[in-house]
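Structure assessment
What follows is the residue order along each chain.
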Amino acid sequence: MTHFPDVDRVRFEGPDTEHPLAFRYYDRNRVVLGKRMEDHARFAVCFWHSFCWPGSDVFGAGTFERPWLAAGEDALELAELKIDAAFEFLTKLGAPFFCFHDRDIAPEGDTLRESHAILDRLLERVEKAMARSGTRLLWGTANLFSHPRYAAGAATNPDPEVFAYAAAQVKHCLEATQRLGGANYVLWGGREGYETLLNTNLRRELDQLGRFLCLVAEHKQKIGFAGPLLIEPKPFEPTKHQYDHDGAAVFAFLQNYGIEREFKLNLEVNHATLAGHDFQHEVAYAMANGIFGSIDANRGDARLGWDTDQFPNDAREWALAWCEILRGGGMHSGGFNFDAKLRRQSIDATDLFHAHIGGMDAIARGLLAAEAMLADGRLQRFVDERYAGWDGALGREILAGRQSLEDLAGHVLANDLEPHPRSGRQEMLENLVSRFL
Ligand code: XLS
Ligand code: NI
Ligand code: NI
């Protein structure tokens, strides 16, 4: 049985092809800076938006007709159908990875024990599909935000019984991720935040979240899960104020609880936008602090202030992000997860292909541009020269801590020194970037 009869395996045909369902830039075996494109980008398809979300929004019902989302059918049979459809899609698209929440794969049972059992059983089907297709798991995560029990948060809930329930769910999902050979495990603080301080004890909630993350790190060590734990920052939505605001806030939080070496970041483009940052900033900040982990590659809309989860299409943005990634040493265990939704009117199953192909091509094109920019070297040289003074005698003395405020005052006053401003050349540099696109 096929769920995508209109599409065969998606192939690379180059920039000039007229075929709408072919790659123009993503050529998985092309070697870029000593590595195959596939191993650089490590693309992943997500279960939740692509196979669980029916095309609903706050004003209206689902618009997609997907056999595996049919209402009133046997929930387990539908779950199996969904797994089959997802792996047919992954195989035809040629994406090497997928990502899932526990609840994307398995419907919730009447008790947690039952939910665990349903998930374990369905994972057997997932394991077989992975073996058959050669698809790997980029990361797993527990859904700690959809069920009404989590309305007031999971770890940051005022009720410790909810904390315990969330802990049990994460324990099971981390172990399931390990069972599937997952490369990372993600924690997105879905409702770890608040709506109003009128009913919130912020100090307590921060300590609860810190304790929760310590427990997850301890369990990871205990079971020997090999990949990194990743936190996905987001400033708001669903709560008005999420604690994991952005990369810098998460890093400070982790340091406060002494666990900054236990976690890295899963950076989402749309979340960076919501936090008021360029995505490139979030990547650079994470790289600078040794906490870069992985990427959720969905973009927002410049005028809409929410997580529109659109597929990426801006190669320039990706070229700049790739420069930071490549300079920082590459993706390691991370990858590019399409945590992205079709638009609600894109109702055909084939639209899933158009969306992912476009996203993979935009990111691949960005990679090729970044390769050329790095090989050219002018951008890097400009920055290096701009800071060259810090490699000179004065700069090194300051950074080594051998200059007090008095020393520095003496240095300037003794010779009446006046520094000479130099142009930052922003427009020239922007023009230079354009030449590579
Ligand atoms: C929501 C988040 C979510 C996480 C996984 O905005 O992006 O999809 O990636 O729980
Ligand atoms: Ni995400
Ligand atoms: Ni998001």
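The structure reproduced in this document is the subject of the present report. (Residues numbered from 1 in each chain as written. Chains lettered and ligands numbered in written order. Predicted model: local features only at pLDDT ≥ 70, side-chain atom pairs only at ≥ 80, totals over all residues. Heavy atoms only, no water.)

Side note on the overall build of the protein chain
When helices and strands are tallied, the protein chain shows 16 helices and 12 strands. Taken against the 2.2 N^0.38 rule, which gives 22 Å for 437 residues, the C-alpha radius of gyration of the protein chain at 24 Å falls within 12% of a compact globule. Considering only C-alpha atoms, the protein chain reaches an extent of 85 × 60 × 45 Å along its principal axes. Residue pairs at least 24 apart in sequence account for 76% of intrachain contacts in the protein chain once pairs closer than 6 positions are excluded. As presented, the protein chain carries roughly 21100 Å² of accessible surface, and 52% of it is formed by carbon and sulfur atoms. Of the charged side chains in the protein chain, 47 are positive and 64 negative, and the gap between their average positions amounts to 3 Å. (Helix = DSSP H or I, 4+ residues; strand = E, 2+ residues; numbered from the N terminus. Rg over C-alpha atoms; globule rule 2.2 N^0.38 Å. Contact = heavy atoms within 4.5 Å. Areas by Shrake-Rupley, 256 points an atom, 1.4 Å probe, with all protein chains shown as cover. Lys, Arg positive; Asp, Glu negative; His and termini not counted. Charge placed at Lys NZ, Arg CZ, Asp CG, Glu CD.)

Let's talk about the coordination of the nickel ion (ligand 3)
Bound to the nickel ion (ligand 3) are the protein donor atoms Glu268 (OE), His271 (NE2) and Asp307 (OD), situated 2.1 to 2.2 Å from the metal. In the primary structure, the donors to the nickel ion (ligand 3) are separated according to the pattern E-x2-H-x35-D. The nickel ion (ligand 2) is placed at 3.9 Å from the nickel ion (ligand 3), the two being bridged by Glu268. Taken together, the residues span a long stretch of sequence, with Glu268 in strand β10 (residues 263-268) and Asp307 in the loop between β11 (292-296) and α11 (315-327) at a distance of 39 residues. For the residue pair Glu268 and Asp307, the accessibility class agrees, reading buried in each case. (Donors = N, O, S within 2.8 Å, 3.2 Å for Na, K, Ca; no water. Buried < 20%, exposed > 50% of the residue type's maximum accessible area, 1.4 Å probe, protein only.)

Quick word on the state of the cysteines
Such a bond, covalent and formed between the sulfur atoms of two cysteines, is termed a disulfide. In total, this model carries 0 disulfides according to the counting rule given. Counting only cysteine sulfurs, Cys99 is the nearest neighbor of Cys173, a cysteine outside any disulfide, at a range of 11 Å. (Disulfide = S-S within 2.5 Å.)

A word on a nonpolar patch on the surface
Taken together, the side chains of Val383, Tyr387, Trp390 and Leu399 define a hydrophobic patch exposed on the protein surface, amounting to about 430 Å² of accessible area. Relative to the helices and strands, Leu399 resides in helix α14 (residues 393-399). Classification of Leu399 by relative accessible area gives exposed; the value is 63%. (Patch = residues over 30% accessible without salt bridge, like charges linked within 9 Å, V, L, I, M, F, W, Y side chains within 5 Å. Salt bridge = Lys/Arg side-chain N within 4 Å of Asp/Glu carboxyl O.)

Remarks on the coordination of the nickel ion (ligand 2)
Taken together, Glu232 (OE), Glu268 (OE), Asp296 (OD) and Asp339 (OD) make up the protein donors of the nickel ion (ligand 2), found 2.0 to 2.1 Å from the metal. Considering all 6 donor atoms around the nickel ion (ligand 2), angles at the metal cover 80 to 175 degrees and the coordination shape is octahedral. Sequence spacing of the donors to the nickel ion (ligand 2): E-x35-E-x27-D-x42-D. (Tetrahedral: all angles 85-135°; square planar, octahedral: opposite > 155°, others 65-115°.)

Details of the sheet that holds strand β5 (residues 136-141)
Read around the closed barrel, the 8 strands follow the order β3-β4-β5-β6-β8-β10-β11-β12; overall the barrel is parallel. Taking the axes of each pair of neighbouring strands and ignoring which way they run, one obtains an average angle of 30 degrees across the sheet. One ladder, built from 4 bridges, connects β10 with β11; its direction is parallel. Bridging from a neighbouring strand, Leu265 pairs with Phe292 of β11. In this fold helix α12 (residues 349-376) packs onto β3 (43-46) and β12 (336-338), with an angle of close to 155 degrees to the strand it touches most, β12. (Pairing = 2+ DSSP bridges. Axes fitted to C-alpha atoms, helices over the stretch in contact; angles between N-to-C directions.)

Brief notes about the site of ligand 1
Surveying the vicinity of ligand 1 reveals the residues Trp48, His101, Trp139, Phe145, Trp188, Glu232, Lys234, Glu268, His271, Asp296, Asp307 and Asp339. In this structure, an oxygen atom belonging to ligand 1 sits 3.1 Å away from a side-chain N or O atom of His271. Here an oxygen atom of ligand 1 sits 3.0 Å away from a polar atom, N or O, in the side chain of Asp296. In the complex, 94% of the free accessible area of ligand 1, which totals 290 Å², lies under the protein chains. (Near = heavy atom within 4 Å. Polar contact = N/O pair within 3.5 Å; in protein donor to acceptor, adjacent residues only side chain to side chain.)

What about the pattern of salt bridges?
Between side chains of opposite charge, pairing is possible as soon as their charged atoms come close. On inspection of all chains with the given rule, the structure shows 20 salt bridges. The partner of Arg103 in a salt bridge is Asp102, and the shortest N-O contact between them spans 3.9 Å. Note that Lys171 and Glu175 form a salt bridge whose closest N and O atoms lie 3.2 Å from each other. Placement of the pair is Lys171 and Glu175 together in helix α6 (residues 160-179), with a separation of 4 residues, close to one helical turn. Judged by its relative accessible area of 25%, Glu175 falls in the partly exposed class.

Quick look at the packing of helix α13 (residues 378-386) against helix α16 (residues 426-434)
One way to put it is that α13 packs onto α16 with a least axis distance of 10 Å and a crossing angle of 155 degrees. It follows that α13 is roughly antiparallel to α16 by the angle criterion. The hand of the α13/α16 crossing is left-handed. In this structure, α13 contributes Arg378, Leu379 and Phe382 to the contact, and α16 contributes Met428, Leu429, Leu432 and Val433. Taken together, the residues that form the contact of α13 with α16 break down as 6 nonpolar, no polar and 1 charged. (Parallel < 35°, antiparallel > 145°, perpendicular 65-115°, else oblique. Left-handed = near helix turned anticlockwise from the far one by under 90°. Nonpolar A, V, L, I, M, F, W, Y, C, P; charged D, E, K, R; others polar.)

Topic: the pairing of strand β8 (residues 229-232)
Side chains Leu229 and Ile231 project from β8 onto one buried face, and the interleaved Leu230 and Glu232 project onto a second face that is buried too. Bridging between strand β6 (residues 184-188) and β8 involves 4 bridges; their strand directions are parallel. Opposite Trp188, over in β8, you have Glu232 as the bridge partner.

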